[in-house]
Amino acid sequence: MSRTAEPIITRDWRKSSFSEGANGCVELALVRVPEEAALWNEEGGELCLVRDSKNTAGPVIAFRPSVWRAFVGGIKNGWADRAG
């Protein structure tokens with residue numbers, strides 16, 4: 001018997017601590033994806049979801065935790081400052 005994976009639903013969104021008073025705010029949620037879901041991965045089925053805090057009904061981008069850590073680490077190390 002096959003089962004259909006439940007959708008990812010979360011209400012545990014956290015706003016960036018650096019966004020206080022700024023207009024470019026993002027929110028992050030860490031969710032567990034059911035094993036049966038197509039997004040299951042070798043990192044234990046967790047995903048980091050990112051969205052625009054000004055448009056909470058808008059699109060959400062999903063990252064594996066290791067990819068999100070690498071992205072944030074690159075920003076902290078000035079990667080975005082050297083781009084372009």
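A.B. asks: What am I meant to see in the pattern of salt bridges here?
C.D. replies: Close approach of charged atoms allows side chains with opposite charge to pair. Within the structure shown, the criterion is met by three salt bridges. Across the pair Glu27 and Arg51 runs a salt bridge whose closest N-O atoms are separated by 2.7 Å. Taken together, the residues span a long stretch of sequence, with Glu27 in strand β2 (residues 26–32) and Arg51 in strand β3 (residues 46–52) at a distance of 24 residues. Note on Glu27: relative accessible area 11%, which makes it buried. Of the residues examined, Arg51 reaches a relative accessible area of 14% and is grouped as buried. Here Glu46 makes a salt bridge to Arg32, at a shortest N to O gap of 3.9 Å. Of this pair, Glu46 sits in strand β3 while Arg32 is found in strand β2, placing the two residues 14 residues apart along the sequence.

Reading the values: rules and limits
Residues numbered from 1 in each chain as written. Predicted model: local features only at pLDDT ≥ 70, side-chain atom pairs only at ≥ 80, totals over all residues. Heavy atoms only, no water. Salt bridge = Lys/Arg side-chain N within 4 Å of Asp/Glu carboxyl O. Helix = DSSP H or I, 4+ residues; strand = E, 2+ residues; numbered from the N terminus. Buried < 20%, exposed > 50% of the residue type's maximum accessible area, 1.4 Å probe, protein only.

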